[in-house]
Amino acid sequence: MAEKRIGLQTVKLSNPPSILGTATVVGPKEGEGPLKDYFDIILEDDMWGQESFEKSEVKIQEEAIKQAIFNANLSSKDIEYLFSGDLLNQIITSSFTARQLNIPYFGLYGACSTMTESLSLGAMIIDGGFADKVVCATSSHFSSAERQFRFPLEYGSQRPFSAQWTVTGAGATVLASSGNGPYITYITTGKIVDFGIKDANNMGGAMAPAAIDTISQHFKDTGYSPDDYDLIITGDLGLVGKRILLDLMKKEGYDLSKVYSDCGIKIFDGVEQDTHAGGSGCGCAAVVFNGYIYKEMLKKNLNKVLLVATGALHSPIITLQGESIPCIAHAVTIDNLID
Amino acid sequence: MDNMNNKEYQKYAERKIPKPTYFKNILYAFVVGGAICVFGQIIRNMLFKFGLDENSVTIATSIILVFVGSFLTGIGIYDKIGKIGGAGAAIPITGFANSIVSPAMEYKREGFIFGVAARMFSIAGPVLVYGVGSSVIVGILYLIFTKGR
């Protein structure tokens, strides 16, 4: 009997895992943004002494994981599972990071939804009694993502206003079966939602329906309303996705305007930093959650947060074949108090 | 979301995207593209002054512009010109140089054969294929219609 399930897509964790520590590493541009004071390590150079962007991303993720374990006052021997993923083909960043760490490893691909995908699975493994301490992590790198999904860096192209800027950064969370919080209490796992958007420069518009689907299902399953939350924050819908989400959620009967934000909008100053619709990438939700949200929760400025990382599960090959973009959003409730 | 089908949503989402600043883009493209052409003209005039004939001047001007485009790509400036100028920076021969040099730089770490050489034409390739292809077709048409004259 799956007695922890409530509603159609949600689980209520009966022994909510606690966050023991987090860490973030970000690139120079993120380190100049509005959230700069919340990050652990800010790089001066996004190559970080490595010979390629991919190798630099590996180092960024590895340092974030090591730092998170250190911040939790643990050593890597204490960690029973590592859940991580990234944007690169065959999730090489995560696997090459895991190669250094010697921790049993589950590699995930959820595109930019990976932060909540890893938190969901990590929390369920702990609540199910299969582990006491796990690390959930993800990363992205502007330059490694650009070359895989778009154009060479030095190519002189113009970006449309709906385009987003891939965050260079990694975030890692250490979850444990006991601790003083914040706790992961509910998990709403998303379905693939695809409304036929084919424009890879309009990720916000493509992903917004997935976020709307998951958030409304979360309310139906848990009985919560927007007022129960201090913050409901999506991963990387950006300005276009935000507009769509607020508008369509209202039509569904939920007014989110007072509590809603988006990690992609928070991380950059869109006008000053010329990032157009906002940040994106796995690292976007990862560094905003592990930096800003976690630290604000420790200070009790936020007590109950719904983190909804959103992912566009496409590839350049299938886009060229004329396919639309399948999208997903996973929601995780993070609570300072448990009943 | 249940009351919206795919087509309706796509139309709706399209309306939520900020409109491109067409007038500004066209103006910048004109200025940047025009400036590159003026620069080319200056080179041409100077080469004539050095006493080169018409044919050599045309070739030498192209060579110099390709060099400048590649050089500015190499030192990380041409992408900024392209960001402002759009098609004004992409259409002139300097933009063509940019489209070849930028992937060559980007893929250097994957080696000189499967990296630099194989990826070099990933952007310029289509231009070359259809440019050369259409010039062959035009050449054949020219031959047919001017045959015997």
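The rules we used
Residues numbered from 1 in each chain as written. Chains lettered and ligands numbered in written order. Predicted model: local features only at pLDDT ≥ 70, side-chain atom pairs only at ≥ 80, totals over all residues. Heavy atoms only, no water. Helix = DSSP H or I, 4+ residues; strand = E, 2+ residues; numbered from the N terminus. Rg over C-alpha atoms; globule rule 2.2 N^0.38 Å. Contact = heavy atoms within 4.5 Å. Patch = residues over 30% accessible without salt bridge, like charges linked within 9 Å, V, L, I, M, F, W, Y side chains within 5 Å. Areas by Shrake-Rupley, 256 points an atom, 1.4 Å probe, with all protein chains shown as cover. Salt bridge = Lys/Arg side-chain N within 4 Å of Asp/Glu carboxyl O. Buried < 20%, exposed > 50% of the residue type's maximum accessible area, 1.4 Å probe, protein only. Buried area = accessible area lost by both parts, 1.4 Å probe. Polar contact = N/O pair within 3.5 Å; in protein donor to acceptor, adjacent residues only side chain to side chain.

A. Geometry of the overall build of chain B. Summing up its helical and strand segments, chain B has 8 helices and 0 strands in all. Reading chain B from its N end, one meets helices and strands in the order α-α-α-α-α-α-α-α. Against the 2.2 N^0.38 benchmark of 15 Å for 149 residues, chain B shows a C-alpha radius of gyration of 21 Å, more extended than a compact globule. With the C-alpha coordinates of chain B rotated into their principal frame, the extents come out at 75 × 50 × 40 Å. Considering only contacts in chain B between residues 6 or more positions apart, those separated by 24 or more positions represent 48%.

B. Here's a closer look at a nonpolar patch on the surface. Together, Phe121, Leu128, Val132, Val136, Ile137, Ile140, Leu141, Ile144 and Phe145 of chain B line one region of the surface with nonpolar side chains, adding up to about 850 Å² of accessible area. Position of isoleucine 137 of chain B relative to the elements: it lies in helix 8 (residues 124–145).

C. Region of interest: unusual backbone geometry. All names here are of chain A. In this model, glycine 181 is joined to proline 182 through a cis peptide bond whose omega is -5 degrees. Mapped onto the fold, proline 182 is located in the loop between strand 9 (169–176) and strand 10 (183–188). With a phi close to 55 degrees, glutamine 90 is a non-glycine residue in the positive phi region. Position of glutamine 90 relative to the elements: it lies in the loop between strand 5 (81–85) and helix 2 (92–101). Positive phi, close to 55 degrees, is recorded for histidine 276, a residue that is not glycine.

D. View of the pattern of salt bridges. Under the defined criterion, the tally for this structure stands at 15 salt bridges over all chains. With its nearest N and O atoms 3.8 Å apart, the salt bridge here joins aspartate 40 of chain A to lysine 295 of chain A. In this pair, aspartate 40 of chain A sits in the loop between strand 3 (18–26) and strand 4 (41–42) while lysine 295 of chain A sits in helix 8 (residues 282–298), placing the two residues 255 residues apart along the sequence. Judged by its relative accessible area of 32%, aspartate 40 of chain A is partly exposed. One salt-bridge network, held together by shared partners, links Glu54 and Arg147 of chain A together with Glu106 and Glu110 of chain B.

E. Local environment of the interface of chain A and chain B. Contacts between the two partners involve 34 residues from chain A, matched on the other side by 34 residues from chain B. Interface area for chain A against chain B, summed over the two sides, is near 2,900 Å², with a carbon-plus-sulfur share of 56%. When the area that chain A buries against chain B is broken down by residue, the three leading residues are Arg147, Glu154 and Phe195 of chain A, summing to 26%. Put simply, chain A and chain B have 4 salt bridges between them. In this structure, lysine 16 of chain B and aspartate 247 of chain A form a salt bridge, with 3.6 Å as the shortest nitrogen-oxygen distance. Counting every contact that joins chain A to chain B gives 15 residue pairs in polar contact (both at pLDDT 80 or more). Elements with a contribution of two residues or more to the side of chain A that touches chain B: helix 4 (142–149), helix 5 (203–222) and helix 6 (238–251) of chain A.

F. Quick look at the side chain of histidine 141 of chain A. Residues and elements named next belong to chain A. Relative to the helices and strands, histidine 141 resides in the loop between strand 7 (133–140) and helix 4. On the accessibility criterion, histidine 141 (1% relative accessible area) is buried. Polar contacts involving the side chain of histidine 141 include one to the main-chain carbonyl oxygen of aspartate 46, which spans 2.9 Å. A polar contact of 3.1 Å, which involves the side chain of histidine 141, links it to the backbone nitrogen of serine 143. If sequence neighbours within four positions are ignored, histidine 141 has contacts with Asp46, Phe53, Ser56, Glu57, Ile60, Thr166, Val167 and Thr168.

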